[in-house]
Number of protein chains: 2
Amino acid sequence: MGTTKSEVFSEEINELASLFKAMGHPARIAIIQFLRTQEKCICTDLVNELPLAQPTISQHLKELKNAGIIQGSVSGTSICYCLNLEKISVLDSFLASLKYDQSATCC
Amino acid sequence: MGTTKSEVFSEEINELASLFKAMGHPARIAIIQFLRTQEKCICTDLVNELPLAQPTISQHLKELKNAGIIQGSVSGTSICYCLNLEKISVLDSFLASLKYDQSATCC
DNA sequence: TTATAATATCGTAATATTGCAATATAACAA
DNA sequence: TTGTTATATTGCAATATTACGATATTATAA
């Protein structure tokens, strides 16, 4: 126990869950919000922006990257991290599909 | 350590993160998907539908309820759980706001 | 009352996550 | 080369999550 039983669920469900999970942390939401407002984003900006240590931020960036929510391209000594709108759309479509089904609310 | 440093983030960010977190598990996505297709939903249906033990499903339902993503009303011996579209909208709006900001993609 | 059925709670083992100091790496500058 | 700056990785302690058996609760039925 302690491990999520992902084997028993469809790939689609697992993908959605891991995307949501990647966004399920305040630091990662803050990172995403900051990325939205920046033309380019390098990690140092985040270290100055967020009240977390550099290794912690690096770790959160890695998780967002693993989930595919952000992309990073090396740019000299720094790195440009950006949102991957395709993945955002996957979540957005899922949520939208819930909203447009009226029978979903019965309580 | 081991605890999320929520104190250092805004309430808005923490609320978004906890909603995303609540959806960040395949069983909970499956529950939400199942709720979407049902007129009414009682827990037994889920126990038959999902390959998880009853206490596990009950626990996941509780987490979704705590986050406000579903609502439950007692109906005799069983319980009718339903989606709370308001919370879904909170997430949906956040994601939509990311999509409509073109400067977000620079990589 | 006694049974039964539906759901919740408790307790706990296994595992995952979080945060960070220390350290490593990689690119550029002097 | 030697520094310096930006980011990543390692290791680890503290805490959280997951899954489920056992058990409790609650509502109705017999």
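Residues numbered from 1 in each chain as written. Chains lettered and ligands numbered in written order. Predicted model: local features only at pLDDT ≥ 70, side-chain atom pairs only at ≥ 80, totals over all residues. Heavy atoms only, no water.

Q: Describe the relation of the copies chain A and chain B, naming the residues involved and giving the relevant values.
A: For the pair chain A and chain B, the superposition axis carries a translation of 0.0 Å, the fit reaches an RMSD of 0.0 Å, and the rotation angle comes to 180°. Taken together, these values place the two copies in the relation of a two-fold axis. (Least-squares fit on C-alpha atoms with pLDDT ≥ 70 in both.)

Q: Explain the pattern of salt bridges to me, and be specific about the residues and the numbers.
A: Residues and elements named next belong to chain B. For the structure shown, the criterion picks out six salt bridges over all chains. For Lys87, the salt bridge identified is with Glu15, shortest N-O distance 3.3 Å. With Lys87 in helix H5 (residues 85-99) and Glu15 in helix H1 (residues 11-23), this residue pair connects regions lying 72 residues apart in the sequence. Close ionic contact of Glu63 with Arg28 constitutes a salt bridge, the shortest N to O distance being 3.3 Å. With a gap of 35 residues between them, Glu63 in helix H4 (residues 54-67) and Arg28 in helix H2 (residues 26-37) connect regions that are remote in the sequence. Under the relative-accessibility criterion, Arg28 is labelled buried at 6%. (Salt bridge = Lys/Arg side-chain N within 4 Å of Asp/Glu carboxyl O. Helix = DSSP H or I, 4+ residues; strand = E, 2+ residues; numbered from the N terminus. Buried < 20%, exposed > 50% of the residue type's maximum accessible area, 1.4 Å probe, protein only.)

Q: Can you lay out the protein's contact with DNA strand D for me, pointing to particular residues and giving the numbers?
A: For DNA strand D, the set of nearby residues contains 30 residues, the closest of which are Gly2, Thr44, Gln54 and Tyr81 of chain A together with His60 of chain B. Of all DNA strand D atoms lying within 4 Å of any protein atom, the proportion belonging to sugar or phosphate reaches 66%. One of the side-chain nitrogen or oxygen atoms of His25 of chain B is found 3.2 Å away from a phosphate oxygen of DNA strand D. Here a phosphate oxygen of DNA strand D and a side-chain polar atom of Glu63 of chain B are 3.4 Å apart. Elements with a contribution of two residues or more to the surface near DNA strand D: helix H3 (43-49), helix H4 (54-67) and strand S2 (78-83) of chain A together with H4 of chain B. Looking at the surface near DNA strand D, the element that brings in the most residues is H4 of chain B, giving five residues. (Near = heavy atom within 4 Å. Polar contact = N/O pair within 3.5 Å; in protein donor to acceptor, adjacent residues only side chain to side chain.)

Q: An account of the pairing of strand S1 (residues 70-75) of chain B is needed here, citing residue identities and associated values.
A: Looking along a regular strand, one sees side chains alternate from face to face of the sheet. Residues and elements named next belong to chain B. Here S1 runs beside strand S2 (residues 78-83); their pairing, made up of six bridges, is antiparallel. In the strand pairing of S2, Gln71 is matched with Cys82. Hairpin connection, S1 to S2: the antiparallel pair is bridged by two residues, and Gly76 has positive phi, about 75°. (Pairing = 2+ DSSP bridges.)

Q: Which residues make up the protein's contact with DNA strand C, and what are the values?
A: Near DNA strand C there are 30 residues, and of these Gly2, Lys5, Thr44, Gln54 and Tyr81 of chain B occur at the shortest range. Near the protein, within 4 Å, the atoms of DNA strand C are sugar or phosphate in 66% of cases. Here a phosphate oxygen of DNA strand C sits 3.2 Å away from a polar atom, N or O, in the side chain of His25 of chain A. With respect to DNA strand C, the side chain of Tyr81 of chain B contributes an N or O atom lying 2.7 Å from a phosphate oxygen. Sorting the residues of the surface near DNA strand C by element identifies H4 of chain A together with helix H3 (43-49), H4 and S2 of chain B as the ones contributing at least two each. With five residues, the top contributor of residues to the surface near DNA strand C is H4 of chain A. By residue class, the composition of the surface near DNA strand C is 10 nonpolar, 15 polar and five charged. (Nonpolar A, V, L, I, M, F, W, Y, C, P; charged D, E, K, R; others polar.)

Q: An account of the interface of chain A and chain B is requested, with residue identities and associated values reported.
A: With 51 residues of chain A at the interface, the matching set in chain B holds 51 residues. Buried surface at the junction of chain A and chain B, both sides included, amounts to about 4600 Å², of which 71% is carbon and sulfur. Seen at the junction of chain A and chain B, the total is two salt bridges. For the salt bridge of Lys99 of chain A with Asp92 of chain B, the shortest nitrogen-to-oxygen distance reads 2.8 Å. One can count four residue pairs in polar contact (both at pLDDT 80 or more) joining chain A with chain B. (Contact = heavy atoms within 4.5 Å. Buried area = accessible area lost by both parts, 1.4 Å probe.)

Q: Pulling in residues and values, what's your account of H5 of chain B?
A: If you check H5 of chain B, its first and last C-alpha atoms are 20 Å apart, about what 15 residues at 1.5 Å a residue would give, namely 21 Å. Buried within H5 of chain B are the following residues: Leu85, Ile88, Leu91, Asp92, Phe94, Leu95, Ala96, Leu98 and Lys99 of chain B. (Expected span 1.5 Å × (residues − 1).)

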